[in-house]
Amino acid sequence: GFLAGGGCSGAQPPAQRAAMPSVRFLYNDENREFVLSDVSLSMTVQALKQMVKDKWPSDLKTQPPDASHVRLLFAGQFLSDGAHLKDVPHFAAAETTSVHVLVLPPPSESKAVTSSTAGEKTAQASAGRGGASAGRCQCVIS
C-alpha cells in the first residue's frame, strides 16, 4: 500500500523505543518521496516539520517558505505541532514510518482566494496548485 508499514504487529511499547531508524516522506503533488534517518522519537512534530523544511529536496518545484507551511499526515490524521513523536500512536511501529507531506500555499496565494464559502476556497486553492487532486491524500491502506 501507499502507507506501508503502518501496522502495529510486533511493535514495542513506546517506553522501549529510543530512536527511529527512518521516516519516509511522500510528497504527492510531485509524486516524490524522500527519507530522513536522523529523526528521534523525543522530537516534537514542529521540530520534525522544521527538519523537513531544512532538508527539503532542492530539485522540487514547490519549496516551503517556512515550517509553518508544512503539514504532516500520518495514518489519516494531521500531526499537531506540539505533540511528541513518541506520543503519536503507531508512529514507530515499523522500521520505516511513512508520512505524507503537504505544503500550504504562501500567504500571497492564500489572500488571492476571495470566495465566500470554504468549499469554493478549497476548490480554487487546489486548482491554483495544479488541478483537482493537488493537496489531497491518495492513500491506499492495505
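Residues numbered from 1 in each chain as written. Predicted model: local features only at pLDDT ≥ 70, side-chain atom pairs only at ≥ 80, totals over all residues. Heavy atoms only, no water.

Asker: How would you explain the nonpolar core if you had to name every residue and give the values?
Answerer: In this structure, Phe-25, Val-39, Leu-48, Trp-56, Leu-72, Leu-85 and Phe-91 are the most contacted members of the largest nonpolar core, which totals 25 residues. Elements that contribute at least two residues to this core include exactly β1 (22-27), β2 (32-36), α1 (45-54), β3 (70-74) and β5 (96-103). The element that contributes the greatest number of residues to this core is α1, accounting for 4 residues. (Core = buried A, V, L, I, M, F, W, Y, C linked by side-chain atoms within 4.5 Å. Buried < 20%, exposed > 50% of the residue type's maximum accessible area, 1.4 Å probe, protein only. Helix = DSSP H or I, 4+ residues; strand = E, 2+ residues; numbered from the N terminus.)

Asker: Explain the environment of Asp-81 to me, using residue names and the numbers behind them.
Answerer: With respect to the secondary-structure elements, Asp-81 resides in the loop between β4 (77-78) and β5. Given the relative accessible area of 33%, Asp-81 is considered partly exposed. Along the chain, Asp-81 and Gln-46 lie 35 residues apart, while their C-alpha atoms are 4.5 Å from each other. The residues touching Asp-81, leaving out its near neighbours within four places in the chain, are Thr-44, Val-45, Gln-46 and Lys-49. (Contact = heavy atoms within 4.5 Å.)

Asker: An account of the confidence of the model for the protein is requested, with residue identities and associated values reported.
Answerer: Mean pLDDT over the protein works out to 74, with 61% of the residues at or above the 70 mark. Note that pLDDT drops below 50 for residues 1-18; the model gives that stretch 29 contacts with residues more than four away or on any other chain. The low-confidence segment residues 112-134 (pLDDT under 50) makes 15 contacts with residues lying over four places distant or belonging to another chain. (pLDDT = per-residue confidence, 0-100.)

Asker: Help me get a handle on α1, residues and values and all.
Answerer: If you check which residues of α1 are buried, you get Val-45, Leu-48, Lys-49, Met-51 and Val-52. Projection of α1 onto a plane perpendicular to its axis shows the buried side chains occupying an angular sector of 160 degrees, all on one side. Looking at the buried residues of α1, the elements they touch are β1, β2 and β3. (Arc of directions from axis to C-beta.)

Asker: Provide a residue-level description of the sheet that holds β5, including the pertinent values.
Answerer: The sheet built from 5 strands is open, its strands ordered β2-β1-β5-β3-β4 with mixed pairing. The open sheet has two edge strands, β2 and β4, and neither has a second partner. Direction of pairing for β1 relative to β5: parallel, over a ladder of 5 bridges. Bridging across to β5, Leu-26 finds its partner in His-100. (Pairing = 2+ DSSP bridges.)

Asker: Describe the packing of aromatic side chains, with residues and values.
Answerer: Under the counting rule described, the total for this entry stands at 4 aromatic pairs. Each ring, one from Phe-25 and one from Phe-34, has its centre 5.5 Å from the other, and the planes form 25 degrees; the classification is stacked. On the basis of relative accessible area, Phe-25 is assigned to the buried category, the value being 0%. Of the residues examined, Phe-34 reaches a relative accessible area of 10% and is grouped as buried. Site record: aromatic cluster; members linked through ring pairs are Phe-25, Tyr-27, Phe-34 and Trp-56. Sitting over the face of the ring of Phe-78, Arg-71 holds its NZ or CZ atom 3.8 Å from the ring centroid. (Phe/Tyr/Trp six-rings, centres within 6.5 Å; stacked < 30°, edge-to-face > 60°. Lys NZ or Arg CZ within 6 Å of the ring centre and 35° of its normal.)

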